[in-house]
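Each chain, letter by letter, is given below.
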Amino acid sequence: RLSEEDIMTHYAGYLAQAQEIASTRVVLLALVNIPLLAIVFNVLWQLIIPRSKTDPPLVFHWIPFVGSAIEYGNDPMKFFISSQAKYGNVFTFILLGRKVTVCLGPKGNNFVLGGKSTVLNAEDAYTHLTTPVFGRDVVYDVPNEVFMEQKKFVKVGLSTDNFRAYVGMIEQEVEEFLANDPSFSIYQQNDINPWGKFESVKVLSEITILTASRTLQGSEVRDSITTNFAQTYTDLDGGFTPINFMFPNLPLESYRKRDRAQKKMSDFYVEFIKKRRAGGGSGQHDMIAALINQKYRSGKSLRDHEIAHIMIALLMAGQHTSSATGSWALLHLADREDVAEALYQEQVKHFGINGQPGKFRPLTYEDLRDLPVLDSVIRETLRVHPPIHSIMRAVRDDVPIPPTLATPSSKSGSGTYIVRKGHVVLASPLFAQMDPKIWKNASEWEPTRWNDPEGVAMSALKEYTDENGEKIDFGFGAVSKGTDSPYQPFGAGRHRCIGEQFAYLQLGTILSTLVRKLEFKIPTGVPAHNYHTMITMPKTPRDIHYRRRHFD
Ligand code: HEM
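Bear in mind the structure is a predicted one, so any value in this text is a computation, not a measurement. Residue positions are given per chain, counting from 1 as you read along its sequence in written order. Where local features are concerned, this predicted model is filtered to residues with pLDDT of at least 70; where side-chain atom pairs are given and counted, the filter is 80 or more; whole-chain, interface and lining totals use all residues. Think of the side-chain values as coming from all heavy atoms in the structure, minus any hydrogens and water.

1. Describing the coordination of the iron atom of the ligand
Only N, O and S atoms count as donors, using a 2.8 Å limit from the metal and a wider 3.2 Å limit for Na, K and Ca, and since water is excluded some coordination spheres may look unfilled. Of all protein atoms, Cys 497 (SG) alone acts as a donor to the iron atom of the ligand, lying 2.3 Å away. The topology assignment puts Cys 497 in the loop between β12 (478–480) and α22 (500–517). The numbering of helices and of strands both runs from the N terminus, where a helix is a DSSP run of H or I of at least 4 residues and a strand a run of E of at least 2.

As structure tokens, this is what we get:
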């Protein structure tokens, strides 16, 4: 017979077991239901709770926190087009917990890029991504007025004198690459007939870093590029991805590699700079030579680590932007035999030697400024494939949206939209550059649109670069205002790119040298955009077929 105590113990066991099962069920139910509830609340909140009339419309999304991150991240253009159709030129979307207000069209660009840095601020938007990669005390790790002075110092190095020296160096680097790199083994066989192929982005990335280091970065970087510098660069570059933008610090190996590479790269440069200061490297045309003697308005000289970090920033700013543009240009040339032929004939006309087939005189800086077909190829490539599709600023103070850009009146009474402090505003030059209301056959890569001096393209360019138009000095020399133009591949306003002329020179020399020697074709057609990288890249496969030009 069981005693009373045994029965109690028995039941206590059952009870504990029952409680355990029940609590596991509760946990399981909660695990299933909490996200469901969050989704339900999020949807109800969007549908039922009236929004303030001054808040821009919110893009509908199912999952809280994630918001529209997936649609935006996969294809920002598609996302902008479909959101514009529903909400107009100004709308807010949730990007992993952040509220991002998109301002579309030339007026949207003007508002975001032309804004005061005390209100629409670049440092707050970018520093978490850039400072771990560039290093301290430069660019977005310093107040805006200090960065503007640093841009002025860099402009000293981007002088016409230096550019004259660079053209021959770039031409030589490309020729050596063709003669030695395994991607061009068929070319190296000296046989005219067979076709070879190369991976466009791989080849253009290598040519870009070789030519940038031979010119801007200087001989020390060029000499180290095939040794330990290359791996350090790769590790540092691994810290410049959309994941790093969204999550600045995660306990992952790529983040640790980024930090180690930043320190190593910074030490490399500091060592080069010390040697230069000690007397080596006089007569150099590179950026270290230009930065070494610069002084802030306060009278303080640039410190070694600041020069080092500016050099890293320039390397990162110019590398993917130029290599992506070069890759897209070559992909299109391979697809459009007529344009490639026009480009080649332009070279023959300007540089051919006494009609001798395949013989050219070397390029010069002055020549490069007067090659309309080459210019139109680069301009059109930057119109259809600007490397940076979204430009962001953090909102430091509540800011009204100009009524000429958008008002709530059309949908919900009169008034003005206000973007709240703490939000982010976003401009997309890509959107304006591909707008079919502005550009004829907007989505087609058609360099001839730049031939008509009165056409849309040239008037947009004139507005962007107008020598005689409105100019503003933000602290790094007067620049064309250009914030209203529908063509802004290099941004506009105080954060406008200072590498534009260098990029044209670098790309122009690379494309000229390649087109003089090679014919291209692309059986698979020009690939679509891959938006999963910081800079818009071509999707794979992106091989270009080539063969040595023959002259008979
Ligand atoms: C800024 C594009 C090449 C250095 C910018 C901006 C864009 C841009 C869109 C504005 C970013 C913003 O407003 O947030 C390009 C393109 C390039 C190119 C399309 C090549 C095809 C270069 C090169 C260098 C460079 C070669 C260096 C030599 C800079 C710098 C800024 C900048 C220093 C200023 C950033 C700021 O003020 O916040 N670039 N860039 N870029 N770029 Fe470039």
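Picking up after the structure, the text goes on.
2. Focus: the site of the ligand
By convention in these notes, a residue is near a molecule or strand provided one of its non-hydrogen atoms lies within 4 Å of it. Taken together, 26 residues form the shell around the ligand, and within it Tyr 140, Lys 151, Arg 393, His 495 and Cys 497 come nearest. Here a polar contact means two N or O atoms within 3.5 Å. Within protein one must be a hydrogen donor candidate and the other an acceptor candidate, and residues neighboring in sequence count only if both atoms are side-chain atoms. The separation between an oxygen atom of the ligand and a polar side-chain atom of Tyr 140 is 2.4 Å. Arg 393 is positioned with one of its side-chain polar atoms (N or O) 2.8 Å from an oxygen atom of the ligand. Sorting elements by how many residues they give to the shell around the ligand places helix α15 (residues 304–335) first, with six residues. We call Asp, Glu, Lys and Arg charged. Ala, Val, Leu, Ile, Met, Phe, Trp, Tyr, Cys and Pro are nonpolar, and the rest, Gly among them, are polar. Here the residues of the shell around the ligand are counted per class, giving 16 nonpolar, seven polar and three charged.

3. Some details on the pairing of strand β13 (residues 518–521)
Residue alternation in β13 divides its side chains into a buried set, Leu 518 and Phe 520, and an unburied set, Glu 519 and Lys 521. Pairing geometry for β13 and strand β16 (residues 543–548), over four bridges, is antiparallel. For Glu 519, the partnering residue across the bridge sits in β16 and is Arg 547. A simple rule labels every residue: compare its accessible area, found with a 1.4 Å probe on the protein chains alone, to the largest value its type can have, and call it buried under 20%, exposed over 50%, or partly exposed in between. Note on pairing: two strands pair once DSSP finds at least 2 bridges between them.

4. Re the pairing of strand β10 (residues 424–427)
Residues Val 424 and Leu 426 line one face of β10 and the alternating positions Val 425 and Ala 427 line the opposite face, and both faces are buried. Where strand β2 (residues 98–103) meets β10, three bridges bridge the pair, whose relative direction is parallel. Residue pairing in the sheet places Thr 101 in a bridge with Val 425 of β10.

5. Here's the deal with a nonpolar patch on the surface
Taken together, Leu 37, Val 40, Phe 41, Leu 44, Trp 45, Leu 47, Ile 48 and Ile 49 make up a surface patch of nonpolar side chains, about 820 Å² in accessible area. With respect to the element layout, Val 40 can be found in helix α1 (residues 4–47). Two distance rules govern patches: like charges are joined within 9 Å, and nonpolar side chains (Val, Leu, Ile, Met, Phe, Trp, Tyr) within 5 Å, applied only to residues with over 30% relative accessible area and no salt bridge. Accessibility throughout is a Shrake-Rupley quantity obtained with a 1.4 Å probe, and a residue counts as covered only by protein chains that appear here. The working definition used for a salt bridge is a side-chain nitrogen of Lys or Arg within 4 Å of a carboxyl oxygen of Asp or Glu.

6. What about the packing of aromatic side chains?
Planes of paired rings set the category: under 30 degrees apart is stacked, over 60 is edge-to-face and the rest tilted, where pairs are Phe, Tyr or Trp rings (Trp by its six-membered ring) whose centres lie within 6.5 Å. Under the defined criterion, the tally for this structure stands at 33 aromatic pairs. Here Tyr 72 and Phe 93 contribute two aromatic rings whose centre-to-centre distance is 5.1 Å and whose plane-to-plane angle is 40 degrees, an arrangement assigned as tilted. Within this pair, whereas Tyr 72 is found in helix α2 (residues 69–74), its partner Phe 93 is found in strand β1 (residues 90–95), the two being separated by 21 residues in sequence. An identical accessibility class is assigned to Tyr 72 and Phe 93; each is buried. One aromatic cluster in this structure is built from Tyr 72, Phe 79, Phe 80, Tyr 87, Phe 91, Phe 93 and Phe 431. One cation-aromatic arrangement involves Arg 549 over Tyr 344; the distance from NZ or CZ to the ring centre is 3.7 Å. The criterion for a charge sitting over a ring is simple: Lys NZ or Arg CZ within 6 Å of the ring centre, and within 35 degrees of the ring normal.

7. Digging into the side chain of Arg 449
Secondary-structure assignment places Arg 449 in the loop between α20 (429–433) and α21 (456–465). For Arg 449, the side chain forms a polar contact with the main-chain oxygen of Asn 441, separated by 3.1 Å. It only takes one pair of heavy atoms within 4.5 Å for two residues to be counted as in contact. Not counting chain neighbours up to four residues away, the residues in contact with Arg 449 comprise Glu 380, Arg 383, Trp 439, Lys 440, Asn 441, Ala 442, Glu 444 and Ala 457.

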